[in-house]
Amino acid sequence: NDLQNKSTYYYTLSFSYVSQHSNDTLFFALTYPYTYTELNQFLQELEKDPNRSTTFRRRTLCYTLAGNQCDVLTITSFAGDQDELRERKAI
């Protein structure tokens, strides 16, 4: 049986953090490794999707030292007056 011959490895990430302010609320998140190539493929699929492309914009902010494109993603309703859209505050 192939299942009996396979080795399974488990890893644990451990760390401690001391807050500088006693009333702070802190959140930590972790995700599985996600490559730059996978990210670009996902974003390209979003751009092609007619339903999502109406609320999603991607533009180049700059390039990293490695030459990778670093994007700004805007997720909003693009309906309405273009001047009003430009005046919206960003988060």
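Structural data are supplied above this passage.
The structure reproduced in this document is the subject of the present report. (Residues numbered from 1 in each chain as written. Predicted model: local features only at pLDDT ≥ 70, side-chain atom pairs only at ≥ 80, totals over all residues. Heavy atoms only, no water.)

### Brief notes about the overall build of the protein chain
- The secondary structure content of the protein chain amounts to three helices and two strands.
- Over its C-alpha trace the protein chain gives a radius of gyration of 21 Å, far above what one expects of a compact globule, namely 12 Å for 91 residues.
- Viewed in the frame of its principal axes, the protein chain has a C-alpha envelope of about 60 × 45 × 30 Å.
- Looking at the protein chain as a whole, 8% of its 91 residues are labelled buried.
- On the protein chain, roughly 9100 Å² of surface is accessible, and the fraction owed to carbon and sulfur atoms is 53%.
- In the protein chain, which carries 9 positive and 11 negative side-chain charges, the distance between the mean positions of the two groups comes to 2 Å. (Helix = DSSP H or I, 4+ residues; strand = E, 2+ residues; numbered from the N terminus. Rg over C-alpha atoms; globule rule 2.2 N^0.38 Å. Buried < 20%, exposed > 50% of the residue type's maximum accessible area, 1.4 Å probe, protein only. Areas by Shrake-Rupley, 256 points an atom, 1.4 Å probe, with all protein chains shown as cover. Lys, Arg positive; Asp, Glu negative; His and termini not counted. Charge placed at Lys NZ, Arg CZ, Asp CG, Glu CD.)

### Quick notes on the environment of E38
- By the element assignment, E38 lies in helix α2 (residues 36-48).
- There is a polar contact of 2.8 Å between the side chain of E38 and the backbone nitrogen of T35. (Polar contact = N/O pair within 3.5 Å; in protein donor to acceptor, adjacent residues only side chain to side chain.)

### Regarding the packing of aromatic side chains
- This model, assessed by the stated rule, comprises two aromatic pairs.
- Their ring planes at 65° and their centres at 5.2 Å tell us that F15 and F28 sit as a pair that is edge-to-face. Pair noted here: F15 is in the loop between α1 (2-5) and α2 and F28 is in the loop between α1 and α2, with a separation of 13 residues, a long-range link. As far as the burial class goes, F15 and F28 line up, both exposed.
- Where Y17 meets F28, the ring centres are 5.8 Å apart and the plane angle is 65°; that geometry is what we call edge-to-face. One end of the pair, Y17, is in the loop between α1 and α2; the other, F28, is in the loop between α1 and α2, with 11 residues separating them in the sequence. (Phe/Tyr/Trp six-rings, centres within 6.5 Å; stacked < 30°, edge-to-face > 60°.)

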